[in-house]
Amino acid sequence: MTYVVTQNCCSDASCVVVCPVGCIHPTPDEPGFATAEMLYIDPDTCVDCGACADACPVDAIRPDTALAADDHWYIRANAEYYQSNPPSPEWYRRQPRRIARVSAEGLRVAIVGSGAAGFYAATALLRHPGVRVDMYEKLSAPHGLIRYGVAPDHPATKAVAGQFRWPAGQQKRFTLHLGVEVGGAGLSHEALLDRHHAVIYATGSAGERRLDIPGEDLPGVIGALPFVGWYNGHPDHARLAPDLTGRRAVVIGNGNVALDLARILTADPDALADTDIAKPALRALRGSAIDEVVILGRRGAAHAAFTTPELYALSRVPGLDVIVDPEDVAHGDGPKLELLRELAVRPATGAKRIVIRFNAAPVEIVGDGAAAGVRLSTGEFVEAGLVLRSIGFGGATFDTVAGRVSAGVYATGWARRGPTGGIGTNRTCAEETVDTLLADYAAGALSAPRRSEPAGRRLRLWPVRSQDKVAT
Ligand code: NAP
């Protein structure tokens, strides 16, 4: 028997730290970590202790003997990683990263943003006795993209937030302020620095990229951010009313978000009813006429942005055909291309379908008053009643060195690295930012807060809804 990492892997490396034989890779300090699609267990070194399965926050690690036949693909994927990346003896000698012992008593830190990056930063800070953390979130519910970004049919991934419940001694040094905007008309950066030694910005990405092609602003063209927010009940997007009356939708871009959009649009509404999908979105999807979603990738299959585990999961959705043109995937090696080739020869069943196109760059969105389809660089016109733009997020990132913008100001997560990587990638990023902050504090580089009242209940500068507090 061996343990196997499967689709939900969030790459936060909780498993790496507890593995007694160092058989889970890439580790956060190995070069491939930032771009890895998931982590993998070396079946030849695993001692079947199960510590990784216990530590995994998203239940992604299973004994191979407990996997359903469909999931045996992951046994191969784990083993193949070690064939393509032959283990070096160094991998198994490396000690897990130790938490630096620093004196941080009295340190007060504000974190702006309550998504994964903010919570991983809070976790890293609260490990140190005497550190107090105030987290500020402009929405009335925490967890950012874990709540409003992860697709509702991926509940195991959402479960990653479950690890942000700390032991009581740490929890009482943490206060979450909901409904508090920092910047603009809200609370100022200076007001935060008045009350804290340091501020960490974990505000994610500011917005979406644009295509900058004619027709992009036609009604019926919707960005992934509002569309995902709509089905996840984001308060800013709850009223979106996408037109689902046409039979075909087009998704431009082929990252994991594009796969999420296509999967939700073709999902069986009865299956979605068991998830936490927003009720108005579920009602709309029940009435949807869409039976085909075309995903347009502007480059060839070798450059597809979706990850192999997500494609594999899509390929196993019951009652869904995933269509790929054999010519598009005739060349190239690796698990993703192999899987695409398998899909290219799989007979269609006539069910709802997702068509994955490559070398299909959009040059214009065409429509008279509303989007009616997309013209490609080849001249081809793909008719569609709904056009979703899923080409990644944008906006400025903070310019940092190891997470430091300047002494007292730090950034982590997408606000630091840009919009790449899954949820767990933020853990290593946040821990590095916190290490930098703690070193600055220990070196006396941070100014003491000028105001001593504890942030939270007694601060009346902004609305803090006590019923929303998670602090005990
Ligand atoms: P992404 O992975 O960066 O993909 C963006 C896609 O948009 C790419 O296919 C890109 O093509 C395309 N694109 C960009 N500009 C374009 C243009 N002007 N015209 C046409 N196509 C264009 O972005 P994402 O899907 O939003 O995901 C963001 C991050 O979240 C990723 O790291 C992703 O893995 C992660 N995520 C993970 C999960 C999961 O693990 N389940 C789920 C959702 C998101 P090029 O490659 O040619 O630039």
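Cut-offs used in this document
Residues numbered from 1 in each chain as written. Predicted model: local features only at pLDDT ≥ 70, side-chain atom pairs only at ≥ 80, totals over all residues. Heavy atoms only, no water. Buried < 20%, exposed > 50% of the residue type's maximum accessible area, 1.4 Å probe, protein only. Helix = DSSP H or I, 4+ residues; strand = E, 2+ residues; numbered from the N terminus. Pairing = 2+ DSSP bridges. Phe/Tyr/Trp six-rings, centres within 6.5 Å; stacked < 30°, edge-to-face > 60°. Near = heavy atom within 4 Å. Polar contact = N/O pair within 3.5 Å; in protein donor to acceptor, adjacent residues only side chain to side chain. Areas by Shrake-Rupley, 256 points an atom, 1.4 Å probe, with all protein chains shown as cover. Nonpolar A, V, L, I, M, F, W, Y, C, P; charged D, E, K, R; others polar. Domains from an automatic or database assignment. Axes fitted to C-alpha atoms, helices over the stretch in contact; angles between N-to-C directions. Core = buried A, V, L, I, M, F, W, Y, C linked by side-chain atoms within 4.5 Å. Contact = heavy atoms within 4.5 Å. pLDDT = per-residue confidence, 0-100.

**Side note on the pairing of strand E5 (residues 108-112)**
Stage number 1. Across the 5 residues of E5, 5 count as buried, placing the element largely inside the fold.
Stage number 2. Here E5 shows no split at all, with Arg 108, Ala 110 and Val 112 on one side and Val 109 and Ile 111 on the other all buried.
Stage number 3. In this structure, E5 lies alongside strand E6 (residues 132-137), joined through 5 bridges in parallel fashion. When the bridges of E6 are listed, Val 109 appears paired with Val 133.

**Details of the packing of aromatic side chains**
Two aromatic rings are characterised by how far apart their centres lie and by the angle between their planes.
Stage number 1. In total, this model carries 14 aromatic pairs according to the counting rule given.
Stage number 2. A centroid spacing of 5.3 Å and a plane angle of 20° characterise the contact between Tyr 201 and Phe 398, whose relative ring orientation is stacked. Placement of Tyr 201 in strand E8 (residues 198-201) and of Phe 398 in the loop between strand E19 (393-394) and strand E20 (404-406) is noted, with a sequence separation of 197 residues between them.
Stage number 3. For Tyr 201, a relative accessible area of 10% translates into the label buried.
Stage number 4. Given a relative accessible area of 29%, Phe 398 falls into the partly exposed group.

**Notes on the site of the ligand**
Stage number 1. The ligand sits among 20 residues. The nearest are Asn 254, Arg 298, Arg 299, Ile 391 and Gly 421.
Stage number 2. Within the backbone of Asn 256, one N or O atom sits 3.4 Å away from an oxygen atom of the ligand.
Stage number 3. A distance of 2.8 Å is found between an oxygen atom of the ligand and a side-chain nitrogen or oxygen belonging to Arg 298.
Stage number 4. When the ligand sits alone it has 920 Å² of accessible area, and the protein chains cover 78% of it.
Stage number 5. For the shell around the ligand, the element with the highest residue contribution is helix H11 (residues 256-266), accounting for 3 residues.
Stage number 6. For the shell around the ligand, the class distribution of residues is 7 nonpolar, 8 polar and 5 charged.
Stage number 7. Inspection of the shell around the ligand shows a minimum of three residues originating in each of domain 2 (108-206 + 395-443) and domain 3 (221-389).

**As for the sheet that holds strand E7 (residues 174-178)**
Stage number 1. Strand order in the open sheet formed by 6 strands is E7-E6-E5-E8-E21-E20, with mixed pairing between adjacent strands. Each edge of the sheet is formed by a strand with only one pairing partner; in this case those strands are E7 and E20. Within the sheet, the average angular offset between the axes of one strand and its neighbour, ignoring direction, is 20°.
Stage number 2. The pairing of E5 with E8 spans 4 bridges and is classified as parallel.

**Observations regarding the nonpolar core**
Considering soluble globular proteins, one finds that nonpolar side chains tend to be buried as a cluster.
Stage number 1. Core analysis: the largest hydrophobic core is formed by 60 residues, its most contacted members being Ile 24, Ile 41, Leu 107, Ile 111, Leu 125, Phe 174 and Ile 200.
Stage number 2. The biggest single contributor to this core is helix H5 (residues 116-126), with 9 residues.
Stage number 3. Two domains each put at least three residues into this core: domain 1 (3-84) and domain 2 (108-206 + 395-443).
Stage number 4. Beyond its immediate sequence surroundings of up to four residues, Ile 200 is in contact with Val 109, Ala 110, Ile 111, Val 112, Ala 121, Leu 125, Tyr 410, Ala 411, Thr 412, Thr 433, Val 434 and Leu 437.
Stage number 5. Core analysis: the second largest hydrophobic core is formed by 51 residues, Ala 281, Leu 282, Ile 290 and Leu 386 among them.

**Quick notes on unusual backbone geometry**
The general pattern is negative phi for most residues beyond glycine and trans for most peptide bonds.
Stage number 1. For the bond from His 25 to Pro 26, the omega torsion is -5°, close enough to zero to count as cis.
Stage number 2. Within the fold, Pro 26 resides in the loop between strand E2 (24-25) and strand E3 (40-41).
Stage number 3. Unusually for a residue other than glycine, His 143 sits at a positive phi of about 90°.
Stage number 4. Here His 143 lies in the loop between E6 and helix H6 (144-148).
Stage number 5. Here His 143 falls in the buried class, since its relative accessible area comes to 18%.

**Digging into the confidence of the model for the chain**
Stage number 1. Across the chain, the average pLDDT comes to 92, with 94% of residues at or above 70.
Stage number 2. pLDDT under 50 marks residues 456-472. Its contacts with residues more than four places away, or in other chains, come to 38 contacts.

**Comments concerning the sheet that holds strand E10 (residues 221-223)**
Stage number 1. Strands sit in the order E10-E18-E11-E12-E14-E13 across an open sheet of 6 strands; the sheet is parallel. Bordering the open sheet on either side are E10 and strand E13 (320-324), each of which pairs with just one other strand. Averaged over neighbouring strand pairs, the angle between their axes works out to 20° when direction is ignored.
Stage number 2. Where strand E12 (residues 292-296) and strand E14 (residues 352-357) come together, 5 bridges link them in parallel fashion. The residue of E14 that forms the bridge with Val 293 is Ile 354.

**What about the side chain of Ser 14?**
Stage number 1. Tracing the sequence through the fold places Ser 14 in helix H1 (residues 14-18).
Stage number 2. A distance of 2.7 Å separates the side chain of Ser 14 from the side chain of Asp 12, its partner in a polar contact.
Stage number 3. Within the local environment of Ser 14, its side chain forms a polar contact with the side chain of Arg 427, the two groups lying 2.7 Å apart.
Stage number 4. Those residues in contact with Ser 14, other than ones at most four positions away along the chain, are Ala 55, Pro 57, Gln 163 and Arg 427.

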